[in-house]
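Residue-level structure breakdown
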Amino acid sequence: MLKIAVVVGSVRPGRKGRTVADWVVAQSGGREGADYEIVDLADHPLPLLNEPLPPRMGRHEHEHTKRWAAAVAPYDGYVFVTPEYNHGMPASLKNALDYLYAEWVDKATAIVGYGYLGAGRSVEQLRSVLSSLQMAHVSPALHFSLIHDWHNQGADFRPGEHHYGAAVQMFDQVEAWAGALKTLRG
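Because the structure is a prediction, the values reported are computed rather than measured. Position labels on residues start from 1 in each chain and follow its written sequence. Only residues with pLDDT of 70 or above have their local features reported here, since the model is predicted, and side-chain atom pairs are shown and tallied only from 80 upward, although totals for entire chains, interfaces and linings are computed over all residues. Water and hydrogen atoms play no part in the side-chain values, which are based on all heavy atoms of the structure.

1. Structural notes on the overall build of the protein chain
Numbering of helices and strands starts at the N terminus; helices are DSSP runs of H or I of at least 4 residues and strands are runs of E of at least 2. In terms of helices and strands, the protein chain carries five helices and seven strands. The linear arrangement of helices and strands in the protein chain, starting from the amino end, is β-α-β-α-β-α-β-α-β-β-β-α. With the radius of gyration taken over C-alpha atoms, the globule rule is written as 2.2 Å times the number of residues to the power 0.38. Relative to the globule expectation of 16 Å for 186 residues, the C-alpha radius of gyration of the protein chain, 16 Å, shows essentially globular dimensions. Each residue is assigned to one of three classes by its accessible area relative to the maximum for its type, calculated with a 1.4 Å probe on protein chains only: buried under 20%, partly exposed between the two thresholds, exposed over 50%. Across the 186 residues that make up the protein chain, the buried fraction comes to 49%. Contacts are assigned to residue pairs that have any heavy atoms within 4.5 Å of one another. In the protein chain, the share of contacts with a sequence separation of at least 24, taken over all contacts with a separation of at least 6, comes to 79%. Just so you have it, the protein chain exposes about 8,800 Å², and 52% of that area is on carbon and sulfur atoms. Charge counting follows a simple rule: Lys and Arg are positive, Asp and Glu are negative, and His as well as the terminal groups are ignored. Charge positions are represented by NZ for Lys, CZ for Arg, CG for Asp and CD for Glu. Where the 17 positive side-chain charges of the protein chain centre and where its 20 negative ones centre are 4 Å apart. In this description, accessible areas are obtained by the Shrake-Rupley approach with a 1.4 Å probe, and a residue is regarded as covered only by the protein chains that are shown.

2. A word on the sheet that holds strand 4 (residues 108-115)
Two strands pair if DSSP finds at least two bridges between them. Here we have five strands laid out as an open sheet, ordered 2-1-3-4-5, and parallel in their pairing. Among the strands making up the open sheet, the edge pair consists of strand 2 (34-40) and strand 5 (136-145). Neighbour to neighbour, the strand axes of the sheet diverge by 20° on average, direction disregarded. Bridge analysis of strand 1 (residues 2-8) against strand 2 gives seven bridges, and the strand direction is parallel. Opposite Lys3, over in strand 2, you have Asp35 as the bridge partner. To define axes, lines are fitted to C-alpha atoms, for helices over the stretch in contact only, and angles between the resulting N-to-C directions are given on a 0 to 180 degree scale.

3. Description of empty space enclosed by the protein
Every definition here rests on a 1 Å grid over the protein atoms only: cavities are sets of points where a 1.4 Å probe fits but cannot get out, pockets are open sets enclosed by protein on both sides within 12 Å along at least five of seven lines, and lining residues have some atom within 4 Å of a point. Grid points are joined across faces, edges and corners, and a volume is the space filled by probe spheres set on the points. In the structure shown here, the tally under the stated rule is one cavity of 30 Å³ or more. Taken as a whole, the largest cavity spans an internal volume of roughly 30 Å³.

4. Thoughts on the side chain of Asp76
On the secondary structure map, Asp76 appears in the loop between helix 2 (63-72) and strand 3 (77-83). Whenever two N or O atoms come within 3.5 Å, that pair is a polar contact, provided that in protein one can donate a hydrogen and the other can accept it, and provided that, for residues adjacent in sequence, both atoms are side-chain atoms. Side chain to side chain, Asp76 and Arg185 meet in a polar contact 2.9 Å long. Setting aside residues up to four positions removed in sequence, Asp76 forms contacts with Met1, Leu2, Lys3, Lys107, Ala108, Ala178, Lys182 and Arg185.

5. Let's talk about the packing of helix 1 (residues 17-28) against helix 5 (residues 162-185)
Put simply, helix 1 and helix 5 touch, their axes get as near as 10 Å, and they point 70° apart. Classified by the interaxial angle, the pair formed by helix 1 and helix 5 is roughly perpendicular. In this structure, helix 1 uses Trp23, Val24, Gln27 and Ser28 to contact helix 5, whose residues at the interface are His163, Tyr164, Ala167 and Phe171. Between 65 and 115 degrees an angle is taken as roughly perpendicular, under 35 as roughly parallel, over 145 as roughly antiparallel, and anywhere else as oblique.

6. Concerning the environment of Ile38
Here Ile38 is to be found in strand 2. Residue class for Ile38 comes out partly exposed when judged on its relative accessible area of 25%. Here the alpha-carbon distance between Ile38 and Arg67, two residues 29 residues apart in the chain, equals 16 Å.

7. Some words on the pattern of salt bridges
By salt bridge we mean one thing: a side-chain nitrogen of Lys or Arg within 4 Å of a carboxyl oxygen of Asp or Glu. All chains considered together, the criterion is met by 12 salt bridges. Each of Arg15, Arg18, Asp22 and Asp40 takes part in a single network of salt bridges with overlapping partners.

8. Regarding the packing of aromatic side chains
Note on aromatic contacts: the rings of Phe and Tyr and the six-membered ring of Trp form a pair at centre separations within 6.5 Å, being stacked when their planes are under 30 degrees apart, edge-to-face when over 60 apart, and tilted otherwise. Across all of its chains, the model carries 12 aromatic pairs by this definition. Connected via pairs of aromatic rings, a cluster forms that spans Trp23, Tyr114, Phe144, Trp150, Phe157 and Tyr164. In this scheme, the term charge over a ring applies when either NZ of a lysine or CZ of an arginine sits within 6 Å of the ring centre and within 35 degrees of the ring normal. Above the face of the Tyr75 ring, Lys3 is positioned so that its terminal group lies 4.9 Å from the ring centre. The residue whose ring lies beneath Arg12 is Tyr85, and the NZ or CZ to ring-centre distance is 5.1 Å.

Honestly, that's just the spatial picture; any functional story needs more than this.
Have a look at this one:
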């Protein structure tokens, strides 16, 4: 059974990311090939990258880094849930990715974005970072709009019907890649 982490990329008070991540996990229910679990960056406070050695060396000095590495290393793949802040991903997500290296390499990823325009710029920025970390990111992505997918002045998350089929495609792809890369990691 594959293990996929749904990583909530924002730690901002009032964020919508946890609601989106909960929806993603709910949609993954009943899938036979993988278990999806939330990993919330708010539960893993990380200062701005403060390790003295580059992450590629794999010699973590600080306890917060060791805890973060232990939290994400067991997963075969990830679904990153990212908002778009000022045309990019939040600093909390970039920082969390920068802390590690070996824990990310040769693992599959998918991206779920949310913002006024669906977080397209944030998603593309994240793809570039994931490539640098040697992570395989799948093409299907979900883009939730704060205008169309939230109702009652942003209090009620009700995604459009088209997101349900897109989520199945995303799950199929991330699981296929996660399975293939698991054999590579041996």
